[in-house]
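# Coordinate analysis (summary)
Take a look at the letters that make up each chain.
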Amino acid sequence: MITAIIIDDEQHCIDRLTKMLARHHAETVQLLSTAGSVEAGILAIKEYNPDLIFLDIQILDRSGFDLLRECGEIKFRIIFTTAYDRFAIQAIKFSAIGYLLKPIEEDDLVDALNRIKEISVENTSKMAAVIENNLSQPVKKKKLTIPTGNELLFINIDSIIRCHSDVNYTTIYKKDNQKIVVAKTLKEFEELLADQDFFRIHNSDLINLAYIKSYNKGKGGSVVLNDGTQLEVSTRRKEEFLKKMAEL
Amino acid sequence: MRSFFILLFLLVFTCTTRAQKSELDSLKNELLLHPAEDSVRMKILYYCSFYYYSENPETGLKYADELIALAKKKDDVFYLGKGFFCKGINYGSAGNYTDALAAYKNAKLFFEKANVEKYTANVNNSMAVVYQSLSDYPRALEIYYNNLKFFERLKDSFMVALTCSNIGLVYKYLGQYPQSTRYHQRSIDIQQKLGNLKELSDAYNNMGTTYQEAGNIEKSLDYYKQALSISEPINYSRCIASSITNIGIANSLLGNHVLAYQYLQKALPLYLQNGNMLARAEIQKILGEIYLSAEPLFFTELNKPISKRYALANEYFDSSLYLYKQLNDIAGQAELWKQFSGLYETKGNFSKALSAYKNFATLKESLLNDEGKKRVTQLEMNYSFKIKEDSILAENDKKSMMAASEIKRETTIKKSIVWGSAIVFVAALMSFIFYKKRRDSKQKQQEAEFKSKVSDTEMKALRSQMNPHFIFNSLNSIGDYIGKNDPLSADRYLTKFAKLMRLILENAEQKEVPLADDLKALELYMQLEALRMNHTFTYEINTDESIDLESTMVPPLILQPFVENSIWHGFANKKEDGKIIINVKRDGTDMISCTVEDNGVGRKSSAFAKDVSKIKGEKSLGVKITQSRIDILNKIKNSKAAVEFFDLSQGLRVEVKLPLALNF
């Protein structure tokens, strides 16, 4: 049995989630309390010490991130809930913390609750640290949580040289010659890193533009990266690639 | 209610009033009398072009071109500048802002070379007016501020005052009223000191409009009255007319209908004299509005039968509409049709009210398109601003080199015939360069227009995807489930609906999306509709194995209108067993073919024919939008995308052929 708290400033959102939990998850989730503000949320966490909090992002004029920052040691797991907030969702994606889009769909709630079981409280606090880091640090110093087979890795984005796709897996090549295999598609990484000066030069290669050593002209051409790898640029991507390079 | 005021976007040449026909005729005569290609002819050409900008910009442009050609020949940099300046004014008057700015930039180059700083400042002023027309107020302000500094340096207080007025007007548009009044006050103070009564009365009027916009009608009335009291003794007719009009408008805003009526009636004949149709149209519209909304006392005081209220209003609206039509003023016409619609509605004539409202909606639509066009032009200008500036600088270097060599040649031309032929060669070269430049600017304009068409269509496509009909029907279904006490179905429907909206919003920002994403949205849409229709139809999506769904890109929701047609019209009378089959497959090496097939009533059926008026409108809209999206696609990609309809024995098949676009 997981004990939980819902923190959301809109009562109808709380009501809806409460009902969904009672209807289908009464045997796995026990709802201890709900809170309508960041301050009330912090108090409730201290009082009930829950295993899980459902945390809204925009809470009155403050944010769920504020709550994480102020609630002291994180001894619980988190599922964010939000309606439509690009910036926040992007920040959450980097941390790999689970999130639900409102209005919440039953299937999504089941998925999120299943995923929670695999994440330790300790890792949750590290994931929250990624969010905190990314919100306070400049773009280039951002971090990324990468779930691998049995552990979570927290890496600096600027240490990634390139990502290579292998059907449903992606291999990340880092500056320190480390290779990480992740069970995510390259498309997911492409979307995640689109604003971070990463560029997909080919169906199977996403590269960090900061690590380009040289570009050889040709039909599509090819790039040589700092670690010596030479990669082909797809003809269809050439134009956009050169444009992006010129912008840097 | 649009407020009326005198625009002070003056140039030093102080000629904002429309040139009279007779003036133009005499100028044309003079031009005929002066065929000699000398400076006198240049001067006349200049005035011709300048005066024509309000009458007929096309003719004005012709004169400007002739002036430029002549000035080239004479190597008169000053008149070259004036020629381009005229070109700019005429382009601006015709609403062709891109070319106007280009011409002004050229004018600036030549004026700078001729070392006439004051004229450069004037060109700057005119450019600011263009930016203002494009609603690019920050840039207009920047230019005015620079000019202000320049005129302050010259200690030209008259121009300082005019520039302050312009700044005041821009701040008014920006809604920054305290700033606006500050600058107008400065203008008033200066003109008072200089004793320029004409300009002073204009400045009072401007100040009044700012207060009016800011909602301080009482104070604006004071300023209008002051303007009137100054302009009347000196017989400054233009300002007398606008002061009286403004007083009328302010009174009508205050609800003093009798006073408003009297002032506006007094203003009308004044505008008849100077031929200002816009003002007359505007005033008659307001008079109509006064008749519509005035209290009974108004009619007794003016000794008019209140029973004729609507007839009188109608009369004014009619003549106002006539004038707006003459002026080709779409916004004005739209506004009036809205008034007509309200008028008919109160009279209980609903069919007439509806048709008036339809006119209003159509005009408003075209107005929105124009706005979009304007915005695109502005964006395009912002985008290429830097590039253009760079290329102009480069050209400037080139031009000054040419000019230097030409001057040398002129000194030797008398001595040698060989040199003469060289000059002819250079002239030919120059005219070629100019021809090329003109061609280029035309091309640029076409490009801008094309771009605006693209964005316009995209906007419309988005609107049709988020078909309000569909949105409200979905909300209705949800409400229905709630009413039937079936919260679970309501919930299921709601979350799917939210998901689809999210997808549509995200995809709509993209020009192209992966086929997989687009099919997901389409499937969600069909799921929702199936739920709503109690599963009276089923669907099937088949994709060919040769297509990589992730890397094949398609324009978002290009098939949706056809699926919608199948559901809404094809299955309209079908109670069960409806079927939609979507097939996506490769077509040759460089195309993909997407088909939407249904077993509904098809296009020819009697049911269709019976309800044809209703169906036709909606059907053709979706198809029209898709068709124009495809046309644009073909233009951009030089491809052969197409939509084709095939009537089946039962149902309809629509085939959309798109160029195969791979992301990698």
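Just so you know, these numbers come straight off a predicted model, no measurement behind them.

A count of helices and strands for chain A gives eight helices and 17 strands. Out of the 248 residues in chain A, the part that is buried amounts to 30%.

This paragraph deals with the pairing of strand 5 (residues 591-598) of chain B. If a strand is regular, its side chains alternate between the two faces of the sheet. Residue and element names in this part refer to chain B. In this sheet, strand 5 lies alongside strand 4 (residues 578-587) in antiparallel orientation, the contact comprising eight bridges. Residue N583 lies in a different strand from strand 5, and its bridge partner there is T595. The hairpin formed by strand 4 and strand 5 contains three residues between the paired strands, and G588 there has a positive phi angle of roughly 70°. In the sheet, strand 5 pairs with strand 7 (residues 652-659) via eight bridges, with the strands oriented antiparallel. From the neighbouring strand, T595 faces strand 7, where its bridge partner is E655.

The next thing to look at is the sheet that holds strand 3 (residues 52-56) of chain A. Residues and elements named next belong to chain A. Pairing is parallel across the open sheet formed by five strands, whose spatial order is 2-1-3-6-7. Looking at the sheet topology across the chains shown, the edges are occupied by strand 2 (29-35) and strand 7 (98-101). Ignoring which end each strand starts from, the neighbouring axes of this sheet average 25° apart. Alignment of strand 6 (residues 77-82) against strand 7, held across four bridges, turns out to be parallel. Counterpart to T82 in the pairing with strand 7 is L101.

This part is about the nonpolar core. Residues and elements named next belong to chain B. One finds C48, L67, A107, M127 and V130 to be the most contacted residues of the largest nonpolar core, which totals 60 residues. If we ignore the near neighbours within four places in the chain, the residues touching V130 are G92, Y97, A100 and L101. By size, the runner-up hydrophobic cluster in this structure holds 47 residues, among which are I188, A260, I283 and F317.

Our next topic: the environment of Q90 of chain A. One can find Q90 of chain A in helix 4 (residues 86-95). Residues Q90 of chain A and L193 of chain A lie 103 residues apart in sequence; the distance between their C-alpha atoms is 9.7 Å.

What follows covers the packing of helix 8 (residues 157-173) of chain B against helix 9 (residues 177-194) of chain B. Residue and element names in this part refer to chain B. Between helix 8 and helix 9, whose axes approach to 8 Å, the crossing angle comes to 160°. When the axis of helix 8 is compared with that of helix 9, the two are roughly antiparallel. Remark: the crossing between helix 8 and helix 9 carries left-handed chirality. Facing helix 8, whose interface residues are S157, F158, V160, A161, C164, S165, I167, G168, Y171 and K172, helix 9 presents Y177, Q179, S180, Y183, H184, R186, S187, I190, Q191 and L194.

Attention now moves to the packing of helix 16 (residues 309-327) of chain B against helix 17 (residues 330-347) of chain B. Residue and element names in this part refer to chain B. For the pair helix 16 and helix 17, the least separation of the axes is 10 Å and the interaxial angle reads 160°. Looking at the two axes, helix 16 sits roughly antiparallel to helix 17. In this structure, helix 16 meets helix 17 at a crossing whose hand is left-handed. Counting all contacts with helix 16, which are made through Y310, A313, N314, F317, S320, L321, Y324 and K325, the residues of helix 17 involved are G332, Q333, L336, Q339, F340, L343 and K347. Along the lines of polarity and charge, the residues of the contact of helix 16 with helix 17 split into eight nonpolar, five polar and two charged.

Next up on the list: the environment of D544 of chain B. Residue and element names in this part refer to chain B. By the element assignment, D544 lies in the loop between strand 2 (537-543) and strand 3 (552-554). In this structure D544 comes out as partly exposed when scored by C-beta crowding, with 13 C-beta atoms within 10 Å. Separated by 39 residues in the primary sequence, D544 and N583 place their C-alpha atoms 7.9 Å from one another. The residues contacting D544, other than those within four sequence positions of it, are V584, K585 and R586.

Okay, the sheet that holds strand 8 (residues 661-662) of chain B next. Residue and element names in this part refer to chain B. Here three strands make up an open sheet; going across it, the order is 1-3-8 and the pairing antiparallel. The outermost strands of the open sheet, each flanked by one partner alone, are strand 1 (513-514) and strand 8. Bridging between strand 1 and strand 3 involves two bridges; their strand directions are antiparallel. Opposite P514, over in strand 3, you have M553 as the bridge partner.

So, how was this worked out
Residues numbered from 1 in each chain as written. Chains lettered and ligands numbered in written order. Predicted model: local features only at pLDDT ≥ 70, side-chain atom pairs only at ≥ 80, totals over all residues. Helix = DSSP H or I, 4+ residues; strand = E, 2+ residues; numbered from the N terminus. Buried ≥ 20, exposed ≤ 12 C-beta atoms within 10 Å, placed from the backbone. Pairing = 2+ DSSP bridges. Axes fitted to C-alpha atoms, helices over the stretch in contact; angles between N-to-C directions. Core = buried A, V, L, I, M, F, W, Y, C linked by C-beta atoms within 7 Å. Contact = placed C-beta atoms within 7 Å. Parallel < 35°, antiparallel > 145°, perpendicular 65-115°, else oblique. Left-handed = near helix turned anticlockwise from the far one by under 90°. Nonpolar A, V, L, I, M, F, W, Y, C, P; charged D, E, K, R; others polar.

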